[in-house]
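Residues per chain are reported as follows:
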Amino acid sequence: MHHFNGQLEGIRGGCSVTITTLKSTLSCWFQKKCLKDLDRLLSSFNISILQPASALDPSLPIAHAIDQFLNETFFSIDLLSKSKFDNQINDDILQFQRRTVTKYSEILQLFREVLNENAFVSSYGLNWYWERGVNENIDRVLTHAVMTINGCLCGTRSDCTSSAATYNDGSREYSIPGWNIGCSVVETLLRSTMICLYDRHCLSTLIFYLGKSSHDFRRSINVSALDFSNSSRFEINTLIQNIANELFIEQWETNISYSSFYKQCAPLSCSYESVPNDYTMYTVYEILGLYGGLRIVLRLFIPLLVKLVLKIRNRFRTNSVTPND
């Protein structure tokens, strides 16, 4: 029997497994120490969560796809030159990159559609709001779909967005650049940019307003604005959705070794057979062939030619004129 005394980050206890799941977050699943503590806690029930939990590592799908690609076999009938080999491998790598990006972007889109089609109610009131308080003694609680400023209804659409801002007594105080509120937390994240994270003023203002709602939050957080001096293929105003569709990959690095290919495909031995040509006999055969062909041609055309010459001569004799004395 294992005993555990401690706190699991993100795990909130409830009266049932369902309540515990709904009240908890996934923060523990991304921390090795927390996972080990949770696995040790559940080991008394003969439950191990380390193996499936490792699938939540964002880098694992890419690593798995790369391993599959490296295990593929490259076939070639002939030993390719270096230029042809490089072109062929680069084409294969480009197809692999496109196939991998398309595959996992489709998985992300499927996940979003499942969330939207099942109409899960956001705990932050992003897509539905309660008509009356849930603590009141009533039999039913009515919900209504949230409508954005531009008239988009989250009950029927999932792409509704509105600009994020801080409010004080119902009046807008500060508009958060690059932050767009969607119909769920996932849509809010994907339809926003990271502009605010690169702006010191925006980040400090955001922390200030978050600290007003939670003093513990203000004391526990210590962040600084990101530095965009480093080169990146993504602009600061790029939607996180577009970055996610590219699997958050900044650059694909490849290592193509023609020497390894040549060494792998080098033959163990080489042999050839040389057939000598007898040019004298070849010349004799050619002359005899030419003589035989000329003989046949002359045998066909000479009689015709003789007849034609005799016919022309007889015609001239018949048409000759004899003068009278």
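Our structure is the block above this text.
Residues numbered from 1 in each chain as written. Predicted model: local features only at pLDDT ≥ 70, side-chain atom pairs only at ≥ 80, totals over all residues. Heavy atoms only, no water.

**Concerning the overall build of the protein**
Applied cut-off: The helix count covers DSSP runs of H or I at least four residues long, the strand count covers runs of E at least two residues long, and both are numbered beginning at the N terminus. Whether a residue is buried, partly exposed or exposed follows from its accessible area with a 1.4 Å probe, protein chains only, as a fraction of its type maximum: under 20%, in between, or over 50%, in that order. Each accessible area is a Shrake-Rupley result for a 1.4 Å probe, and residues are judged covered by the shown protein chains and nothing else.
Per the secondary structure count, the protein includes 12 helices and four strands. Looking at the protein as a whole, 20% of its 325 residues qualify as buried. For the protein, the accessible surface area stands at approximately 25,900 Å², while carbon and sulfur atoms represent 56% of it.

**Considerations on the pairing of strand 3 (residues 162–168)**
Put simply, the rule reads: Strand pairing is defined by DSSP finding a minimum of two bridges between the two strands.
Taken together, the six bridges between strand 3 and strand 4 (residues 171–181) define a ladder with antiparallel strand orientation. What sits directly across from Y167, in strand 4, is R172. Counting the residues between successive antiparallel strands, the hairpin from strand 3 to strand 4 contains two residues, one of them, D169, with a positive phi of roughly 55°.

**A few points about the packing of aromatic side chains**
We apply this condition: Two aromatic rings, drawn from Phe, Tyr or Trp (for Trp, its six-membered ring), form a pair once their centres lie within 6.5 Å of each other, and the interplanar angle then sorts them: stacked below 30 degrees, edge-to-face above 60, tilted otherwise.
Counted by the stated rule, this structure contains eight aromatic pairs. Relative to F261, the ring of F74 lies with its centre 5.9 Å away and its plane at 75°, an arrangement referred to as edge-to-face. In this pair, F74 is assigned in the loop between helix 4 (60–70) and helix 5 (82–117) and F261 in helix 11 (residues 258–265), connecting sequence segments 187 residues apart. The exposure class of F261 is buried, given its relative accessible area of 9%. An angle of 45° between the planes, with centres 5.9 Å apart, marks the rings of Y258 and F261 as tilted. Of this pair, Y258 and F261 both sit in helix 11, separated by three residues, roughly a single helical turn. Each of the two residues, Y258 as well as F261, counts as buried. Grouping aromatic residues by their ring pairs yields a cluster made of F74, F85, Y258, F261 and Y262.

**Section: unusual backbone geometry**
Positive phi, normally seen in glycine, also occurs at L247, with a value near 65°. According to the relative accessible area criterion, L247 is buried, its value standing at 15%.

**Thoughts on the state of the cysteines**
The condition that has to hold: For the purposes of this analysis, a disulfide is any pair of cysteine sulfur atoms at a distance within 2.5 Å.
Going through the model one piece at a time under the given rule, you end up with three disulfides. Disulfide pairing places C152 opposite C160 at an S-S distance of 1.8 Å. Across the S-S bond of C152 and C160 the torsion is about -65°, and the bridge reads as left-handed. Of the residues examined, C160 reaches a relative accessible area of 1% and is grouped as buried. Disulfide partner of C196: C202, at an S-S distance of 2.0 Å.

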